[in-house]
Amino acid sequence: MARGVASPSPVSLPKVSFVKVSGENSTTRSGVHDNQQRSYGYNDFSLFERPQHYIRYIEPLESELAVQVEYDMDEQDQEWLDSLNADRKKEQLDKISYEAFEIVMDRLEKEWFDLTKNIPKPDLALPSEDSTCAICDDSEGENTNAIVFCDGCNLAVHQDCYGVPYIPEGQWLCRKCTVSPENAVTCFLCPNEGGAFKQTVHGEWVHLLCAIWIPETRVANEVFMEPITGVERISKQRWKLKCTVCDIREGACIQCSKNSCFLAYHVTCARKLKFLMPMKASSGLEPPPLQCFCEKHMPRERLEARAEALKAEAASEHSEAKSSKSARAYARTYKPGPPVVPSLILSRILQYINKIVMRKRSEFVELVCRYWSLKREARRGAPLLRRLHLEPWTASAGGRVQTDEEKVAKLDLTKCLRKDLADVRILADLSRKRESRKLRQAQIVQEILSEIIFAHEAGLRMAFENIVAFDRQGFFKNPISKSQVPDYFDIIQQPMWWGAIDEKLDRHEYWDIDTFRADVNLVIENAMRYNKPGTPYYKAAQRIKSNSATLLAELDNLKTIAPLELNGHDEYTKILLQRNISPIGDLEPPLAVVDLLTSLDIANDLSIVLTSNPLQSLLAYELPEAKPLPLIPAPPTPSSRKTKRERKAELVRRRAELRAARLDTGVNLKPVDPSISDHRTTEEVSNTGTPQTTATEVVLANVDAENSSETEQVLGKRKRTKLVSSQPAPDAEVLTDINPKASFALFDKGWILGPGVRRRRVVPLPQPLPKKRTKGT
């Protein structure tokens, strides 16, 4: 930025000094020996192995960090714990380890944070949308120079003004909140607090606004706008000036740009009263020089803008009190007091460390809670774990009360999100089912083709594995290297090994038993030809040859085509030649099975429609088309139905035909009731012939289902009776006397009364009189 006076020459940055540590301490792996304390998240002594390509760091989840010990004790904690252990030693108590202390402090921090993170915090309000930059006092921003807000103190600055080349994806913290988030800092050039701070080359904190407006100071790197240099070049007269705004003789002041005016004021004080002229120019123009005027010498057009700005600030200050996190951090009178650990957290910690063996556990935890409270008070209530202090959601507006419209909008958004997640779950489930069906279909296709075309490969593979198992040392598994055995290929013209046979089986090249047998024998013969008798290779080949003879002979059972058929002496070969197909080998699948894969004859037996041959349908991933259901006959129309008079006439005609048939054949047809038994005499039975049954069956067969249904409609609710022949059953007994007990025993098969015997009349039991109805019932 341009200045009214020339900037001094840059000061060289100090060089970094370091000490290289060598020895066993730098290479010793760290860890905790106690397995009980290691279960709380401490590292063990496992050696880290660097991967070959790159190291990928995965940010741990909140659930993973909750079970790890993140607290690291400092020298103050060590001194306090050593003093406590000395007192416990006097009382003849066991020593508390450093790991146990860190476990309690870590759990204290996390339990307290979980307890207080949802408490309303009005001092953490979000910055307003019309916030102005703390350096240039301008509220306008651009895409390349936007206003960024610090997630720790809500500081609003432009990217170019504060030196932020790019905005990070997560949270952004200013330099003060990054280096000293808990402790308040003061400016070395003015007595005012708050604002955009940067550090000098010597470590002092100064306002970046003060460093820009004081002529002797400058920034070493104008991209990052830090560090501040030239503080030591400020003249003594400037340090002695007294601010006319705050009336404090402290820090370095600037004076009115009018040559005849000697009024002095701090840069931050001049900013509050709008004495500073704009630092930015319009687009396309050079930046103006840095000038400041007192109220008496300020230009007239600037006076009107200054009055309106002061009036707007006064109105905003009265409407809502400015209470931010930065004000709390810099307020010297802020004394929240030590936090008090409730008994709920104390009981949780005691339950959490119940596995650690120590005496007077509750007294020790209470002392640690008091020490933790005092340490949090010394740090002005800041968390002892840096992660809990720098989480993005810790600086959110947790205490801001939501309006009804915001609650409704948030509820609608949550419902929409839940619906979308449900849709995604359904889509994922459908995709999983689709892929499982495709996998199952592919497996079925593989099984069908393996059973039909490659049915012989299972037997070949089993025989090959059994033969290779005899080569215990694996002599013939791999090919012979010419560099190791130079004269091998001079003796062996056709090399062969187990790996080559295995590759041929994988490529489905064996369609003939003789070819497979020849390759196996070639491996054995090559080994016995090149190696001398008595060598391990020769003995191994001889053992394999003797044991594999039986296995190779059993392979003839896999043949599907006889050798004569392959030579053209068979009807099978004639069919292949007519189709211009030459037989492959004796392992070729039968022609009828192969034709089944290309024939549509099986379409009638399937429940799906085949638009192509079965083989193409198997390899297609489209969903099959189901056959339509058979047509259901339409119900009869009212015009085709018979009327009641016609049905009654039909019934009368049927009865007349049945009566005529009975008279012609002499058959006694009568309705049969299960409660009435056949009580004819032996003479009646002997005089009755058997042809009646045949005639009766003929007559009854003429009555179809349609007429019976019509008869039922005519008769209405009357009980239908079945007409059967009066001929008794062949196993019926002849009785001379009958009593109720005997008739009940012969109820199912019936009986025949002897000559001159009559059936007793059944006297009905007296029925009770009906009850008289009374009025009102």
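- As annotated in an unreviewed UniProt entry, the chain carries the name PHD-zinc-finger like domain-containing protein and is attributed to Lactarius akahatsu.

**Overview of helix 4 (residues 75-90)**
- The end-to-end C-alpha separation of helix 4 is 23 Å, in line with the 22 Å expected for 16 residues at 1.5 Å each.
- Buried within helix 4 are the following residues: Asp77, Leu81, Leu84, Asn85 and Arg88. Around the axis of helix 4, the buried residues are gathered within 105° of arc, so they sit on the same side. Those residues of helix 4 that are exposed and angled more than 90 degrees off the buried face are Glu75, Glu79, Lys89 and Lys90.
- Those residues of helix 4 that are buried lie in contact with helix 5 (98-116) and helix 14 (361-378).

**Brief notes about the side chain of His207**
- In this structure, His207 sits in strand 4 (residues 205-207).
- Using a relative accessible area of 3% as the deciding quantity, one classes His207 as buried.
- Polar side-chain contacts of His207 include one of 2.5 Å to the backbone oxygen of Gly194.
- Setting aside residues up to four positions removed in sequence, His207 forms contacts with Cys187, Cys190, Asn192, Glu193, Gly194, Gly195, Ala196, Phe197 and Thr268.

**Digging into unusual backbone geometry**
- Cis geometry marks the peptide bond from Glu226 to Pro227; its omega dihedral reads -5°.
- One non-glycine residue, Lys274, adopts positive backbone phi at about 60°.
- Residue position: Lys274 is located in the loop between helix 10 (267-272) and helix 11 (300-319).
- According to the relative accessible area criterion, Lys274 is buried, its value standing at 8%.

**Some thoughts on the environment of Cys174**
- Among the structural elements, Cys174 can be located in the loop between helix 6 (159-162) and helix 7 (175-179).
- For Cys174, a relative accessible area of 3% corresponds to the buried category.
- Separated by 12 residues in the primary sequence, Cys174 and Tyr162 have C-alpha atoms spaced 8.8 Å apart.
- Other than its neighbours up to four places away in sequence, Cys174 contacts Cys150, Cys153, Leu155 and Tyr162.

Here is what the cut-offs are and how they apply
In this numbering scheme, every chain counts its residues from 1 along its sequence in written order. pLDDT decides what is reported in this predicted model: residues at 70 or higher carry local features, side-chain atom pairs at 80 or more are listed and counted, and totals for whole chains, interfaces and linings draw on all residues regardless. As a rule here, side-chain values come from all non-hydrogen atoms in the structure, and water together with hydrogens is ignored. Put simply, DSSP H or I for four residues or longer makes a helix, DSSP E for two residues or longer makes a strand, and each gets a number counted from the N terminus. Helices are assigned an expected span. That span is 1.5 Å times one less than the residue count. With a 1.4 Å probe rolled over the protein chains alone, any residue whose accessible area is under 20% of its type maximum counts as buried; one over 50% counts as exposed, and the rest are partly exposed. By definition, the arc is the one covered by directions from the helix axis to the C-beta atoms. The contact criterion used throughout is that any non-hydrogen atoms of two residues lie within 4.5 Å. A 3.5 Å cut-off defines polar contacts: any pair of N or O atoms within that distance qualifies, except that in protein one atom must be a possible hydrogen donor and the other a possible acceptor, and neighbouring residues in sequence count only when both atoms are side-chain atoms.

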